[in-house]
Amino acid sequence: MKRTLGVCYYPEHWPEDQWADDAARMVATGLTWVRIGEFGWSRMEPTPGTFTWDWLDQAIDVLGNAGLKIILGTPTATPPRWMIDKHPDMLAIDAEGRPRKFGSRRHYDFSHLGYRDECRRIARLMGERYGSNPHIAAWQIDNEYDCHETTLSYSDAARKGFQDWLAQKYQSTDALNRAWGNVFWSMEYDTFDEIDLPNLTVTEPNHPHQLAFRRYSSDQVVTFNKVQADELRKHTDAPLIHNYMGRITAFDHWKVGQDLDIASWDSYPIGFLSDRLEGSSEQKKKFLRQGHPDMQAFHHDLYRAVGKGRLWVMEQQPGPVNWAPYNPAPLPGMARLWAWEAFAHGAETVCYFRWRQAPFAQEQMHAGLLRPDSADAPALAEARQVADEFAELPDVGTTNKAQAALIFDYESAWAWDAQPQGADFEMFRLAFAAYRALRRAGLNIDILPPDTADLSDYKLVLAPGLMNITDELRTALVRFEGIALIGPRTDTKTDELAVKVPLGPDLPSLDVSVAVTESIPPTEAIPLQNGGQFLHWFEHLEGTAEAHEKTTSGHPAIMGNDHLRYLAGWPDEPTFDRIIRDLSKTLNIETHDLPEGLRIRDTDTHRFIFNYAPEALTWSGTTIGPAGVYWEKLP
Ligand code: GAL
């Protein structure tokens, strides 16, 4: 498949007489796509019902006539100031009960029906005006759901919406009281309108109450997105896209993805390393200017699946960002490496964020492909290099079916947020640890939703941290002929986050259950007989299944049969590596010993090698410089 590049552009930030020159430079750089519009509401509709489309018409003409394809964004992440006068109660309310005020962005409440109607209206108007414009080749709906932690709002609108949602789901408060165990601490309700949102309680709110609110809030994101998608579809055949983020689990991306055509995400590797990832100071130092070698790959693999096979990077970091605690510049070559890595994982398009660094407002310290004075910034030459390399490698092949898969579930993330039980227990962190172990072994990985009904393409499947196992997945496991490593903390809870009785997991033809659960502080570990250790979490297993590994104190560490095994703890990195390599050996999966910082990814035609390390590395006879990318045709 042919790969393309693009860039994010804000015509409303620059004088109109600069647009043609910008467009010509984009084309000369080898860019195909330009994304515009997603924050432009105050210039589209400066006062309620007054529209000034002429600048946008003109920008679309200029960019389109230069030969660029346009991704047009709906501007609903930035409601203008007048909107707050029209709907004073549309501002989200934080968990402390304080409004999140106007003056930045994303100051809206997903539950507010009046604002939802405003979004439907602007999407309809944009669809009517631009839906059949030949230059508009894709649409982006809103911008980065949950950015700045905006999924949850504790507003009146949310409370009313939540009560209706509960009434529909449970039908009677008796059923709800039973499901939540509200007899405990006399928490029983008589009517649905007595049920408040789970914030500002004296001690922690009941877990199923929290989980229900997380499910409700995620559903609001899904609906908010669908309202605009439905409106746009009436007017356009162009693909609909949302730009997801890194390490965000606040809403169910699998569900939002069902209503869209392509999943895209915004990749800021250096910002993520500094702002959003655990890791030793040694590791953070080593990858300071490159980003974590697995963070981008994880999200490419996740969102490729969310997009039902269609993946884009909508925003790619070009230089220092402005929002992390520290904002170093990338190592020369990284803006190229990140793009090729995305292509190797199936991305069709990579758009850099942004064209020219803005000298004003919140992101004035955020680099672009151009400096604020319009001179080339370092990433521009790297983007051009990638575009030139398309001639050398016109087709990277399609994403190769992986032999290994990881199941990833958002509801489980909410469950463990409500009930971490140990300070380090977080769904993303556990799933990412499992993913990293697979990737350090040099494997291609597919990430799958929790209702996956067929695993027959895979040999090795990991399912860590699933609150419970769906019926579809259970059926797939019954038929599975490879090895599925389930756990830790999988299928030990009901849908309502109660302990399963009889004790879980309830695995097909496997007598194993969790009798006692421990979480352990970072200073402690559970050593294993075969070497290595568990951190953070350990479950005491019982049952008649075979113990494949034991702790030094004789507790089972892995129990199971030829196809299904339960992992009792959270292995540290070397232990996870050993476990994955042992299983791969049993399954005849080829693994690789990669130097630290080197990663590989195969498509059906090519092997790609990426060097995230700050020094040259040699592997399999090939030496690759820092930030280097190497590819070779597979036999
Ligand atoms: C993204 C966002 C962009 C811009 C960028 C800066 O989160 O979608 O609008 O803020 O970050 O890195």
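Note: the structure precedes this text.
Basis of the calculations
- Residues numbered from 1 in each chain as written.
- Predicted model: local features only at pLDDT ≥ 70, side-chain atom pairs only at ≥ 80, totals over all residues.
- Heavy atoms only, no water.
- Near = heavy atom within 4 Å.
- Polar contact = N/O pair within 3.5 Å; in protein donor to acceptor, adjacent residues only side chain to side chain.
- Nonpolar A, V, L, I, M, F, W, Y, C, P; charged D, E, K, R; others polar.
- Helix = DSSP H or I, 4+ residues; strand = E, 2+ residues; numbered from the N terminus.
- Expected span 1.5 Å × (residues − 1).
- Buried < 20%, exposed > 50% of the residue type's maximum accessible area, 1.4 Å probe, protein only.
- Phe/Tyr/Trp six-rings, centres within 6.5 Å; stacked < 30°, edge-to-face > 60°.
- Arc of directions from axis to C-beta.
- Contact = heavy atoms within 4.5 Å.
- Pairing = 2+ DSSP bridges.
- Axes fitted to C-alpha atoms, helices over the stretch in contact; angles between N-to-C directions.

### A look at the site of the ligand
- What surrounds the ligand is the set Phe39, Arg105, Asn143, Glu144, Asp266, Tyr268, Glu315, Trp323, Phe353, Glu363 and His366.
- The separation between an oxygen atom of the ligand and a polar side-chain atom of Arg105 is 2.9 Å.
- Separating an oxygen atom of the ligand from a side-chain N or O atom of Asn143 is a distance of 2.9 Å.
- Broken down by class, the residue content of the shell around the ligand amounts to 4 nonpolar, 2 polar and 5 charged.

### Some points on helix H18 (residues 573-586)
- Taking 1.5 Å of rise per residue, 14 residues should cover 20 Å, and H18 covers 20 Å from first to last C-alpha, within 8% of that figure.
- Listing the buried residues of H18 in full gives Thr575, Phe576, Asp577, Arg578, Ile579, Ile580, Leu583 and Ser584.
- Note on H18: the residue one or two positions beyond its end, Asn588, has a positive phi of about 60 degrees.

### A word on the packing of aromatic side chains
- For the structure shown, the criterion picks out 47 aromatic pairs.
- Where Tyr244 meets Tyr303, the ring centres are 5.1 Å apart and the plane angle is 15 degrees; that geometry is what we call stacked. You can see Tyr244 sitting in strand E5 (residues 240-244) and its partner Tyr303 sitting in helix H12 (residues 295-306), a full 59 residues away along the chain.
- Judged by its relative accessible area of 1%, Tyr303 falls in the buried class.
- Ring centres of Phe298 and Phe432 lie 5.6 Å apart, and the angle between their planes is 85 degrees; this geometry places the pair in the edge-to-face category.

### Quick word on helix H1 (residues 19-29)
- All of the buried residues along H1 are Trp19, Asp22, Ala23, Met26 and Thr29. Along H1, the residues classed as buried sweep out an arc of 125 degrees about the axis, all on the same side.
- Considering only its buried residues, H1 is in contact with strand E1 (4-8), strand E2 (33-36), helix H3 (54-65) and helix H14 (378-392).
- Directly beyond the C-terminal end of H1, a positive phi value near 95 degrees is found at Gly30.

### Things to note about unusual backbone geometry
- With an omega of 0 degrees, the peptide bond between Gly487 and Pro488 qualifies as cis.
- Assignment of secondary structure puts Pro488 in the loop between strand E12 (483-486) and strand E13 (513-519).
- Cis geometry marks the peptide bond from Val501 to Pro502, where omega comes out at 0 degrees.
- Tracing the backbone shows Pro502 in the loop between E12 and E13.
- A positive phi angle, close to 55 degrees, is found at Asp142, a residue other than glycine.
- Look at His148: it is not a glycine, yet its phi comes out positive at around 60 degrees.
- Structurally, His148 is set in the loop between strand E4 (136-140) and helix H6 (156-170).

### Digging into the sheet that holds strand E24 (residues 629-633)
- The strand order across the open sheet built from 3 strands is E20-E21-E24, with neighbouring strands paired in antiparallel fashion. Two strands lie at the open edges of the sheet, namely strand E20 (598-602) and E24, each paired on one side alone. Neighbour to neighbour, the strand axes of the sheet diverge by 15 degrees on average, direction disregarded.
- As judged from the 5 bridges shared by strand E21 (residues 606-611) and E24, these two strands associate in the antiparallel manner. Paired with His606 across the bridge in E24 is Lys633.
- The strands touched by helix H13 (residues 334-344) are E20, E21 and E24; relative to E21, the strand with the most contacts, the crossing angle is about 145 degrees.

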